[in-house]
Amino acid sequence: MDGFSYKQGVLHAEGVDLESLAEKLGTPLFVYSTSTLAAHLKSMRDAFQTIDPLICFSVKSCSNLSILKLLVEQGAGLDVVSGGEIYRALLAGARPETIVFAGVGKSVQEITYALQAGIYQFNVESEGELARIDAIAAQYGCRARVSIRINPDVADRDTPQKTATGGRQTKFGIPVTRSARLYAPGLYGNVDVVGIHAHIGSPIHDSASYLACIDVIEKLLDEVEQAGATVETINIGGGFAAIYEASDCASMSLQEMGRIISQRLLGLKARGVRFVIEPGRSISANAGVLLTRVEYIKEGWDRQIVIVDAGMNILLRPTLYGAHHAMWPIRYGHFSGHWTHLSTSSKSDSHATLSPVDVVGPICETGDFFALSRPLPILSERDTLAIFSAGAYAMSMASQYNSKVRPAEVLVIGEEYRIVRHRERFEDLVAREMDAIG
Ligand SMILES: Cc1ncc(COP(=O)(O)O)c(C=O)c1O
Ligand SMILES: N[C@H](CCC[C@H](N)C(=O)O)C(=O)O
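Please read these numbers as outputs of a predicted model, since none were measured by experiment.

1. With respect to the site of ligand 1
And then number 1: Near ligand 1 there are 13 residues, and of these Ser 202, Gly 239, Glu 278, Arg 281 and Tyr 393 occur at the shortest range.
And then number 2: Within the side chain of Lys 60, one N or O atom sits 2.9 Å away from an oxygen atom of ligand 1.
And then number 3: A distance of 2.8 Å separates an oxygen atom of ligand 1 from a polar backbone atom of Arg 281.
And then number 4: Relative to its free-state accessible area of 390 Å², ligand 1 is covered by the protein chains to the extent of 92%.

2. Considerations on the site of ligand 2
And then number 1: Around ligand 2, a shell composed of Thr 163, Thr 165, His 199, Gly 201, Ser 202, Arg 281, Arg 317, Tyr 321, Tyr 393 and Met 397 is seen.
And then number 2: Interatomic distance of 2.8 Å between a side-chain N/O atom of Tyr 321 and a nitrogen atom of ligand 2.
And then number 3: Its free accessible area being 360 Å², ligand 2 has 88% of it covered by the protein chains.
And then number 4: Along the lines of polarity and charge, the residues of the shell around ligand 2 split into 3 nonpolar, 5 polar and 2 charged.
And then number 5: Residue contributions to the shell around ligand 2 reach at least three from each of two domains, namely domain 1 (4–32 + 285–430) and domain 2 (103–277).

3. A few points about unusual backbone geometry
The bulk of non-glycine residues show a negative phi, and the bulk of peptide bonds are trans.
And then number 1: Note that the residue after Thr 27, namely Pro 28, is joined by a cis bond; omega there is -10°.
And then number 2: By secondary structure assignment, the location of Pro 28 is in the loop between α1 (18–25) and β4 (29–33).
And then number 3: Omega for the peptide link from Ser 202 to Pro 203 comes to -5°, which places this bond in the cis form.
And then number 4: On the secondary structure map, Pro 203 appears in the loop between β11 (191–197) and α7 (208–226).
And then number 5: We note that Asn 402 has phi near 70°; this positive angle belongs to a residue other than glycine.
And then number 6: For Asn 402, the position within the fold is in the loop between β20 (384–387) and β21 (408–413).
And then number 7: For Ser 403, which is not a glycine, the phi torsion comes out positive at approximately 50°.
And then number 8: Take Ser 403: it is sitting in the loop between β20 and β21.

4. Considerations on the domain arrangement of the protein chain
And then number 1: What the domain assignment lists for the protein chain is domain 1 (4–32 + 285–430) and domain 2 (103–277).
And then number 2: Of note, the centres of domain 1 and domain 2, computed from C-alpha atoms alone, are 35 Å apart.
And then number 3: With 11 residues of domain 1 in contact, the opposing surface of domain 2 contributes 8 residues.
And then number 4: Between domain 1 and domain 2 the total buried area reaches about 880 Å² when both faces are included, carbon and sulfur atoms providing 59% of it.
And then number 5: For the domain 1 face of the interface with domain 2, the top three residues by lost area are Tyr 321, His 324 and Thr 340, together amounting to 45%.
And then number 6: Run the count over domain 1 and domain 2 and you get 0 salt bridges.
And then number 7: Where domain 1 meets domain 2, there are 4 residue pairs in polar contact (both at pLDDT 80 or more).

5. Regarding the nonpolar core
And then number 1: Residues Leu 18, Phe 122, Ile 236 and Phe 388 are the most contacted members of the largest nonpolar core, which totals 121 residues.
And then number 2: Tallying contributions element by element places α7 first for this core, with 8 residues.
And then number 3: Each of domain 1 (4–32 + 285–430) and domain 2 (103–277) gives at least three residues to this core.
And then number 4: Beyond its immediate stretch of four places on either side in the chain, Ile 236 contacts Ala 198, His 199, Tyr 210, Ile 214, Ile 217, Ile 261, Leu 265, Val 276 and Ile 277.

6. Observations regarding the packing of helix α2 (residues 34–47) against helix α8 (residues 254–269)
And then number 1: Two elements in contact, α2 and α8, have axes separated by 8 Å at closest approach and are oriented at 35°. In contact with Ser 43, Met 44, Asp 46 and Ala 47 of α2, α8 contributes Leu 254, Gln 255, Gly 258, Arg 259 and Ser 262.
And then number 2: Split into classes, the residues belonging to the contact of α2 with α8 amount to 3 nonpolar, 4 polar and 2 charged.

Reading the values: rules and limits
Residues numbered from 1 in each chain as written. Chains lettered and ligands numbered in written order. Predicted model: local features only at pLDDT ≥ 70, side-chain atom pairs only at ≥ 80, totals over all residues. Heavy atoms only, no water. Near = heavy atom within 4 Å. Polar contact = N/O pair within 3.5 Å; in protein donor to acceptor, adjacent residues only side chain to side chain. Areas by Shrake-Rupley, 256 points an atom, 1.4 Å probe, with all protein chains shown as cover. Nonpolar A, V, L, I, M, F, W, Y, C, P; charged D, E, K, R; others polar. Domains from an automatic or database assignment. Helix = DSSP H or I, 4+ residues; strand = E, 2+ residues; numbered from the N terminus. Contact = heavy atoms within 4.5 Å. Buried area = accessible area lost by both parts, 1.4 Å probe. Salt bridge = Lys/Arg side-chain N within 4 Å of Asp/Glu carboxyl O. Core = buried A, V, L, I, M, F, W, Y, C linked by side-chain atoms within 4.5 Å. Buried < 20%, exposed > 50% of the residue type's maximum accessible area, 1.4 Å probe, protein only. Axes fitted to C-alpha atoms, helices over the stretch in contact; angles between N-to-C directions.

Below, the structure is given as C-alpha cells:
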C-alpha cells in the first residue's frame, strides 16, 4: 500500500493536502511520499531476506537526487545505466562499491568514469564491451569486476513487447550459449569475470519467468564452475511489478514472489555466491503521483475531450507503451479511503456520475494522451486530476519537447513537504544555446 489516500474528499500524500499543495505550487507537479519509498525498500528486503541480496535501486526509474539520497541512507545500492547516473549516484552519497552499471552501449568516457569511481561491477552486454573495459582498465592500471549479462531467451508472457528484455529477439545481453567461455580464468588481463547477470524485462507479475531464468543461470553456473572458474555474484535484475490499477492488487504479492524466488536461489547461496537485485518501479512507481489541472473541456465529434496541463513530455508511458495509469480528481465528494478503492466506491455512489472522456495533453502530437474513453466523474475546467503510479519512469523520462518546462518535484514527509526539484523556467530551455546567438 502507498501513502496516497482521500480524507473527507481530498487526496492526501501522507498528511499533506494535495489540493492546497497544487494551489500553492502550481501544476503539473510530481509529489512523492517518503514513507512509501522507505516502506517499499523494506518490503523488498523482507521479501528476499533469506538470501540477503544487495538491493540496487534502479536509478532510471526515478532519478531525483533527494530520492536517491533517501534510499541510499536506508541502505540501498544503485543500478545505473550511464555516466550521468553514476554522477547522480555519487552525489546522492552512494558508496561506489554498491553501484552496478548496466547498458548495451557504454562509451569509453563512461567506462573510464566508472573505473575511476571504483564501482562494484559492470554488467557487460557484449564481447566488444568486455574488450573495451579490459583495454581501459589496463590503461589506468586497475582491474574491473564484471558480470556477464546473459540473454537467457526467457520471454515473460505478460510483459509488454517494448519492455521485455529477456527474449532472443531483443538487443540485451550475450546469448547464454556464447557466455560460458568468457569466464575462462586469465582470458582478460585486467578484467575479472565474476558474476552472472540477467534482467528479463518489466513489469513481471509472477515468479514463473524468474524461475525459468534462474534455471538458465544455474546451468551456466554449473558449466563455468566445471571449467574451473569462480562465480561470486548472481544478479537477477529488476522488473517486480507495481500497482497501476486496482486489479493489479490481485497479482502475486512481492512477499510471495520474493519467497518463491529466494527459495529457488537458496541452493545456489550454498555455493558461495552473493545475490544482487535491481528493483526500480516496485519501489518508486507507487511512491509518486502527478498532479495536473484541467485547462479546457471541449466537445469532439463523438466524445468529450479533457485537456490537461501535463503532456506526453512529462509522462510518456501511455503514449509509448499504451500503459494504463489510474487517474481521478483530487477532490471527490466526501470519499475517504485509498485510491485503489475508487472505482468501486464511485459505482456505489452513482454510476451515472461517471462519463467516458479522453484525457489529453497540450503537446502537438496525436499520441499525446493519458487515457482514451476513460470513465471519470464529471469534470470542470480548473479541476485537478491526480495521475497515480507516476513515481517511476515519469519524471525520469520527461523532456522539454514543444519547449515545455519540466515540472517541480516535491517530497512529502508526514505533514511536511520539500521541493526537491524546482520547476524549470524559460531560461532553462535556452541556457545552452544563448552563447551561439551572440
Ligand atoms: C538492467 C535493468 N535492471 C533493472 C531495471 C529496473 O526495472 P524495474 O523498474 O521494472 O524494476 C531495468 C529496467 O529499466 C533494467 O534495464
Ligand atoms: N528498461 C526497463 C523497462 C523500462 C520501462 C519503463 N521505461 C517504463 O516506463 O515502463 C527494462 O528493461 O525492463
